Amino acid sequence: MEAAFFRSRNPPISALQSEEKDVSPLIEFKHVSKTYPNGVKGLKDVSLKFEQGEFVAIIGLSGAGKSTLIRTINRMIDITEGELTVDGTDVMKLSGKSLRKFRRKIGMIFQSFNLVTRATALKNVLTSMVPDMSFLRVLLGLFTKEQKLAALSSLDKVGILDKAYIRCDQLSGGQQQRVALARTLNQNPSIILADEPVAALDPVTAHQVMADFKRINEEMGITILINIHHVDLALGYAQRVVGIRAGEIVYDGPSSEVTQEILDSIYNGSAVPQAGGN
């Protein structure tokens, strides 16, 4: 069962500070490294812990290892050294059916949206249910009333219920990203990993989508790890920031404590990217 891999979602971490301190972290990297076949070091001796209900932004230069870090969590990328556990499960020991079940509880959102643009927003959200359906029902596109209502509810949670029956190629970039977020919510994840989800959006829309992430984190208690290019968005919406440079963690702490000196260390003195707008 899926529950074997993930605990029930809890309130955001800020509401857990008075709870027992010996609860194991939801995600833990222990001396994790990743070396690609060409010899490039994607991660170098990374040790991190992420608790249930956190909203964490991962920042750094392009090629620093941000995408590698979050993609190891759902085994899109395999680590080469160390140990990575999610809710106590060593992800490198999973394979086949157990790995597929494990991934069902981890939502993944990409910059490119990955939507079927000729299909409606509703049909795109319904695709999140396909892994749990029989081949015949998938082949015929037979979704139950309950499944359709759940998908509509997911669209409502991101404020685009009125776009349910509109083809995605007729939606704006921000609306398409919200469809992708609704599709992820519809699979009822315990964790959402977002890889540059607002990089292709204009500043105003980027702020709106980041506000959606923050609200979902606070209201639903879903752990969100977001790899993000724009530092002002990271500091403005996430509770915690992880700064990575050349595969190494150079900062891990509250977003409110990030200084220019820390940013200079993360970005190695380069200009710090900003989204602007609001």
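Note that the structure is predicted; figures quoted are calculated from it, not measured. (Residues numbered from 1 in each chain as written. Predicted model: local features only at pLDDT ≥ 70, side-chain atom pairs only at ≥ 80, totals over all residues. Heavy atoms only, no water.)

## Some details on the overall build of the protein
Inference 1: Per the secondary structure count, the protein includes 9 helices and 10 strands.
Inference 2: The buried share of the protein, reckoned over its 278 residues, is 51%. (Helix = DSSP H or I, 4+ residues; strand = E, 2+ residues; numbered from the N terminus. Buried < 20%, exposed > 50% of the residue type's maximum accessible area, 1.4 Å probe, protein only.)

## Comments concerning the pairing of strand β6 (residues 106-110)
Inference 1: Across the 5 residues that make up β6, a large majority, 5, are buried.
Inference 2: Here β6 shows no split at all, with Ile106, Met108 and Phe110 on one side and Gly107 and Ile109 on the other all buried.
Inference 3: Note: β6 against strand β7 (residues 191-195), 5 bridges, orientation parallel. Each bridged residue has a counterpart across the sheet, and for Ile109 the counterpart in β7 is Ala194. (Pairing = 2+ DSSP bridges.)

## Let's talk about the confidence of the model for the protein
Inference 1: When pLDDT is averaged across the protein, the result is 87; 87% of the residues are at 70 or more.
Inference 2: Counting interchain partners and residues more than four positions distant, the pLDDT-below-50 stretch residues 10-21 has 17 contacts. (pLDDT = per-residue confidence, 0-100. Contact = heavy atoms within 4.5 Å.)

## Section: the packing of helix α5 (residues 145-157) against helix α6 (residues 173-186)
Inference 1: Packing of α5 against α6 leaves a shortest axis separation of 8 Å and a crossing angle of 130°. In terms of orientation, α5 lies oblique with respect to α6. As for the relative orientation of α5 and α6, their crossing is right-handed in sense. Residue-level inspection shows Ala150, Ala151, Ser154, Leu155 and Lys157 of α5 in contact with α6, the latter providing Ala182, Leu185 and Asn186.
Inference 2: Broken down by class, the residue content of the contact of α5 with α6 amounts to 5 nonpolar, 2 polar and 1 charged. (Axes fitted to C-alpha atoms, helices over the stretch in contact; angles between N-to-C directions. Parallel < 35°, antiparallel > 145°, perpendicular 65-115°, else oblique. Left-handed = near helix turned anticlockwise from the far one by under 90°. Nonpolar A, V, L, I, M, F, W, Y, C, P; charged D, E, K, R; others polar.)

## Observations concerning the pattern of salt bridges
Inference 1: Within the structure shown, the criterion is met by 9 salt bridges.
Inference 2: Note that Arg75 is salt-bridged to Asp78, the shortest N-O span being 2.5 Å.
Inference 3: In this structure, the salt-bridge partner of Asp252 is Arg240, at a minimum N-O distance of 2.8 Å. Highlighted residues: Asp252 in strand β10 (residues 248-254) and Arg240 in strand β9 (residues 240-245), separated in sequence by 12 residues.
Inference 4: Note on Asp252: relative accessible area 38%, which makes it partly exposed.
Inference 5: Looking at Arg240, the relative accessible area reads 11%, which means it is buried.
Inference 6: Among the ionic contacts, a cluster of salt bridges with common partners joins Arg178, Asp212, Arg215 and Glu219. (Salt bridge = Lys/Arg side-chain N within 4 Å of Asp/Glu carboxyl O.)

## Details of the nonpolar core
Inference 1: If you look at the biggest cluster of nonpolar residues, it comprises 50 residues, and the most contacted ones within it are Ile59, Met210, Phe213 and Ile228.
Inference 2: Other than its neighbours up to four places away in sequence, Met210 contacts Phe55, Val198, Ile226, Ile228, Leu233 and Tyr237.
Inference 3: Core analysis: the next-biggest nonpolar cluster, separate from the first, contains 29 residues, Leu48, Ala64, Ile70 and Val91 among them. (Core = buried A, V, L, I, M, F, W, Y, C linked by side-chain atoms within 4.5 Å.)

## Let's talk about the sheet that holds β7
Inference 1: One open sheet holds the 6 strands; their spatial order is β6-β7-β8-β3-β9-β10, and the pairing between them is mixed. Looking at the sheet topology across the chains shown, the edges are occupied by β6 and β10. The mean angle between the axes of side-by-side strands here comes to 15°, regardless of whether they run parallel or antiparallel.
Inference 2: For strand β3 (residues 55-59) and strand β8 (residues 223-227), the ladder comprises 4 bridges, and the chain directions are parallel.

## Observations regarding helix α7 (residues 203-220)
Inference 1: The end-to-end C-alpha separation of α7 is 26 Å, in line with the 26 Å expected for 18 residues at 1.5 Å each.
Inference 2: Turning to α7, its buried residues number three or more, namely Thr205, Ala206, His207, Val209, Met210, Asp212, Phe213, Ile216 and Asn217.
Inference 3: The secondary structure elements touched by the buried residues of α7 are β3, β6, α6, β7, β8 and α8 (231-237).
Inference 4: At the N-terminal end of α7, a side-chain oxygen is found 3.1 Å from the backbone nitrogen of Val204, two or three residues along, and the residue is Asp202. (Expected span 1.5 Å × (residues − 1). Polar contact = N/O pair within 3.5 Å; in protein donor to acceptor, adjacent residues only side chain to side chain.)

## Quick word on the environment of Glu219
Inference 1: Along the polypeptide, Glu219 turns up in helix α7.
Inference 2: Through-space distance from the C-alpha of Glu219 to that of Gly53 is 9.9 Å; in sequence the pair is 166 residues apart.

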